[in-house]
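# Structure at a glance
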There are 2 protein chains.
Amino acid sequence: MKQQLKKMILSAVADELEQVEIALNQNLTPYLELVQKIAGHILFSGGKRLRPLLMILCARMCGYKSESLIHYSTMFEYLHVATLLHDDVIDQADMRRGKKAAHHVFGAAETVLTGDYLLAKSLAIAGETGKMAIIQLAAKITEEMAQGELLQMVHQRNPNLTEQDYLKIVQSKTAVLMQASCESGAILADASPDILKSVSIYGKNVGTAFQIADDILDYTAETKILGKQIGADLREGKLTLPVIYTLQKANTTEQSFIEKMIQNEHFSHTDFEKLLEIMATYNSIGFCMSQAEAYVDKARNALKTIPETSEHQLLYHIADFVVARDY
Amino acid sequence: MKQQLKKMILSAVADELEQVEIALNQNLTPYLELVQKIAGHILFSGGKRLRPLLMILCARMCGYKSESLIHYSTMFEYLHVATLLHDDVIDQADMRRGKKAAHHVFGAAETVLTGDYLLAKSLAIAGETGKMAIIQLAAKITEEMAQGELLQMVHQRNPNLTEQDYLKIVQSKTAVLMQASCESGAILADASPDILKSVSIYGKNVGTAFQIADDILDYTAETKILGKQIGADLREGKLTLPVIYTLQKANTTEQSFIEKMIQNEHFSHTDFEKLLEIMATYNSIGFCMSQAEAYVDKARNALKTIPETSEHQLLYHIADFVVARDY
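Residues numbered from 1 in each chain as written. Chains lettered and ligands numbered in written order. Predicted model: local features only at pLDDT ≥ 70, side-chain atom pairs only at ≥ 80, totals over all residues.

## Observations concerning the nonpolar core
Ranked by size, the top nonpolar core spans 220 residues in total, and within it C58, A138 and A209 of chain A together with C58, A138 and A209 of chain B carry the most contacts. Ignoring sequence-local partners within four residues, the contact set of C58 of chain A consists of C182, G185, A186 and V199 of chain A. (Core = buried A, V, L, I, M, F, W, Y, C linked by C-beta atoms within 7 Å. Buried ≥ 20, exposed ≤ 12 C-beta atoms within 10 Å, placed from the backbone. Contact = placed C-beta atoms within 7 Å.)

See below:
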């Protein structure tokens, strides 16, 4: 089922994905070879190109025809990768997409600066669209994402993090970028305010569902498929929905066990197994999946107000895919 | 003489400086208090506000009258401070403007993210100008500055760094920002291509002179006035004009002494004194000052093609000031 959905989406957008890949390569024109190397290390390591795809499909769904679309859509992949580079330095992450994180290969300083370069590149492409609303949006979400990441840091190893705090972080860190990718597509097409609003709701909810699914994978995926060790979030002191929900449901003994794990980045494999058992008791993963699916429903509902096109159908399936994926 | 020049400039632009200070405070509206704190730590620690001033004076010289000018001019101070925050993390600098560097007070990750926030803020304000050329310029120089800093890193502790390499770094790291501040002022005023070109040459050369003067101060200033230890550049492995020139002139024994210092971040105070003596033998500081002054001349000459106004006079004096300052 998952595999079928993935295959279907990938075959429908194969041309676009290929063009995005070429554009990502061509637009990356630093004068320093080192920047090319560091940016390439993560840019061409199997990203899903979800953000460019969202922009492309939303733009076409709203009637945008220009061939510059592929070029413009790279801005959101550059911005995404810029934040990944900075986040990996900040989290001192070991791996990303099955490879050593860039800062371990090239150094933290070099990685931060390449992130800055990509961030600027993204805003330069926003400028090329000639649409002031897209430029403002790109700048605004960059401010928002930096603060979202900081908010997450402020709450590191805080066992009292609420579901509401968590959603605020998800919103700032992840959802705004997908929302902006979708909105920018609609803005390019000069969509009506009503359609822009629907596209925006779609993007925000797909983004939220995506991050919840991502956070679930940190407790369920196989390391090989995930491209990093499972349980990495908890080791880094990042509390996500599976743990927040489990803490709410757990009895006092379980709570104190989990709270100790939250404070200890070197918890044992046995402890992690035990945590997974407690999660199973309360069906925490099931709860989180149902939450993610509720956001998918909201996303799909938002599309209902927009006349049906082939892109429309694909956006429907992408909403399903973000929670059905295993990587 | 120096003090008089400084006093004269400061009294002529006292109103503008006060308004810039207020705008810098008002425009800084993160939702996280921590961002406000970290940004404020460096933003309000006695910066010269040279970049906003250049934009304001160039805009007015070219006939721009809108009151939004002060607001717009903050974009270059935010961008400047964003790069300072990232540079301090990258250089692992101890002090900045007489205070502990932000990353020592707030942490490296927090400082990187606040830099990202300010970078985005700067580009958001560029967007508010409604001038596509300013937006493109801001994005382009941000790419350039990130690469300039990387280029400097690549050449860290490289005793074969040439004067040309050095000037390329100065250009990318520092001059482009002052050049863009000046150009943006002219763009706001819809200046003719000829005038824009002159303003651009002025900015580029003032920026180059400024950085050479800055690099001289690292060998001549008093720590208390400089706000950081002298010799810090060399300890960090940054070769600047005074050392590059001295290496060119020095005999083999002196060269090998200096090259050893370049490789050793823990060189002694006695070694540093000896280096200053070698520099004195070849009048290295005198040579660097004459280079800086040549850039000042180029900057002043560029202004000659522009009709004289009161701002014109001030820009003349600012060009002198950047090499005459002692901090």
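After that view of the structure, there is still more to cover.
## Details of the relation of the copies chain B and chain A
With an RMSD of 0.0 Å, chain B superimposes on chain A once it is rotated by 180 degrees and translated 0.0 Å along the axis. The operation mapping one copy onto its partner corresponds to a two-fold rotation axis. When the interface residues of chain B are mapped onto chain A, 100% of them again fall at the interface, so both copies present the same face. (Least-squares fit on C-alpha atoms with pLDDT ≥ 70 in both.)

## Brief notes about unusual backbone geometry
All names here are of chain B. In this structure, R49 is a non-glycine residue whose phi angle is positive, near 55 degrees. Within the secondary structure, R49 sits in the loop between α3 (33-43) and α4 (50-61). Phi angles above zero are rare outside glycine, and Q92 is one such case at about 50 degrees. Using a count of 12 C-beta atoms within 10 Å as the deciding quantity, one classes Q92 as exposed. (Helix = DSSP H or I, 4+ residues; strand = E, 2+ residues; numbered from the N terminus.)

## What about the interface of chain B and chain A?
In many reports, interface size means the accessible area that the parts give up when they come together. Each side of the interface is counted separately: chain B has 35 residues, and chain A has 35 residues. If you list the elements that add at least two residues to the side of chain B that touches chain A, you get α3, α5 (68-91), α7 (108-128) and α8 (132-154) of chain B. Its residues assigned to classes, the side of chain B that touches chain A shows 23 nonpolar, 6 polar and 6 charged. (Nonpolar A, V, L, I, M, F, W, Y, C, P; charged D, E, K, R; others polar.)

## A word on the environment of S45 of chain A
All names here are of chain A. Looking at the element boundaries, S45 is found in the loop between α3 (33-43) and α4 (50-61). Residues S45 and Q92 lie 47 residues apart in sequence; the distance between their C-alpha atoms is 19 Å. In contact with S45, other than residues within four places in its own chain, are R97 and K99.

## Here's the deal with the packing of helix α9 (residues 163-188) of chain A against helix α10 (residues 193-220) of chain A
Residue and element names in this part refer to chain A. For the pair α9 and α10, interaxial distance at closest approach is 7 Å and the crossing angle is 145 degrees. Where α9 crosses over α10, the handedness of that crossing is right-handed. Each residue belonging to the contact of α9 with α10 can be placed in one class, and the counts come to 14 nonpolar, 9 polar and 2 charged. (Axes fitted to C-alpha atoms, helices over the stretch in contact; angles between N-to-C directions. Left-handed = near helix turned anticlockwise from the far one by under 90°.)

## Concerning α9 of chain A
Residues and elements named next belong to chain A. The terminal C-alpha atoms of α9 lie 35 Å apart, and with 26 residues this matches the ideal 38 Å at 1.5 Å per residue to within 8%. The sharpest bend along α9 reaches about 50 degrees and sits at A175. Taken across its 26 residues, α9 has 20 buried, putting it largely inside the fold. Following α9 by one or two positions, D190 has its phi on the positive side, about 50 degrees. (Expected span 1.5 Å × (residues − 1). Bend = angle between axes of the 7 residues up to and from the residue.)

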